[in-house]
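# Structure at a glance
Okay, here's what each chain looks like letter by letter:
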Amino acid sequence: MKELVKVIAVSLVDHPEEVTVTEKETDNALILELHVSPEDMGKVIGKQGRIARAMRTVVKAAASREDKKVIVDIAQ
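Reading guide: rules and limits
- Throughout, residues of each chain are indexed from 1 in the direction in which the sequence is written.
- Totals for whole chains, interfaces and linings use every residue, but because this is a predicted model, local features are given only for residues with pLDDT of at least 70 and side-chain atom pairs only at 80 or more, for both listing and counting.
- Each side-chain value is worked out from all heavy atoms of the structure, with water and hydrogens disregarded.
- Where helices and strands are cited, they refer to DSSP runs of H or I of at least four residues and of E of at least two residues respectively, numbered from the N terminus.
- With C-alpha atoms as the basis for the radius of gyration, the globule rule is written as 2.2 Å multiplied by the number of residues raised to the power 0.38.
- Residue burial is assigned from relative accessible area. The probe radius is 1.4 Å, only protein chains are included, and a residue is buried under 20% of its type maximum, exposed over 50%, and partly exposed in between.
- Should any heavy atoms of two residues lie within 4.5 Å, those residues are considered in contact.
- In short, DSSP must find at least two bridges between two strands for them to pair.
- Convention adopted: a line fitted to C-alpha atoms gives each axis, helices being fitted over their contacting stretch, and angles between N-to-C directions are expressed from 0 to 180 degrees.
- Put simply, buried Ala, Val, Leu, Ile, Met, Phe, Trp, Tyr and Cys residues joined by side-chain atoms within 4.5 Å make one nonpolar core.

### Digging into the overall build of the protein chain
Within the protein chain, the secondary structure is distributed over three helices and three strands. Secondary structure elements of the protein chain, listed N to C terminal, follow the sequence α-β-β-α-α-β. Computed over C-alpha atoms, the radius of gyration of the protein chain comes to 12 Å, within 12% of the 11 Å expected from 2.2 N^0.38 for 76 residues, which places it in the range of a compact globule. Counting only C-alpha atoms and orienting by the principal axes, one finds that the protein chain spans roughly 35 × 20 × 15 Å. Per-residue burial for the protein chain yields a buried fraction of 33% across its 76 residues. The contacts in the protein chain between residues at least 6 apart in sequence include a share of 52% that link residues at least 24 apart.

### Considerations on the sheet that holds strand S1 (residues 20-25)
Across the sheet, three strands lie side by side as S1-S2-S3; this open sheet has mixed pairing. Two strands bound the open sheet, and with one partner strand each, they are S1 and strand S3 (70-75). The mean angle between the axes of side-by-side strands here comes to 20 degrees, regardless of whether they run parallel or antiparallel. Across six bridges, the pairing between S1 and strand S2 (residues 30-35) is antiparallel. Opposite Thr-22, over in S2, you have Glu-33 as the bridge partner.

### Quick look at the nonpolar core
Ranked by size, the top nonpolar core spans 18 residues in total, and within it Val-5, Leu-34, Val-36 and Val-44 carry the most contacts. Leave out the neighbours within four places in its chain, and Val-36 touches Val-13, Glu-18, Val-19, Met-41, Val-44 and Ala-75.

See the structure below:
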């Protein structure tokens, strides 16, 4: 899941070298924190959050095959 989020984010931003994804596992979910350059935040979130919502939908679909709950958090 971590690599999937990173591949999607790198394809969207102008500064791909600043994209990092950290993984935190809790009892009931896997939390993926996406960190991008401040200049690229708008590109990752999109108008009215459409790109962020689409990214979360793709990750959720991939996680459903493994029967896990995955949360994608976009942080600065």
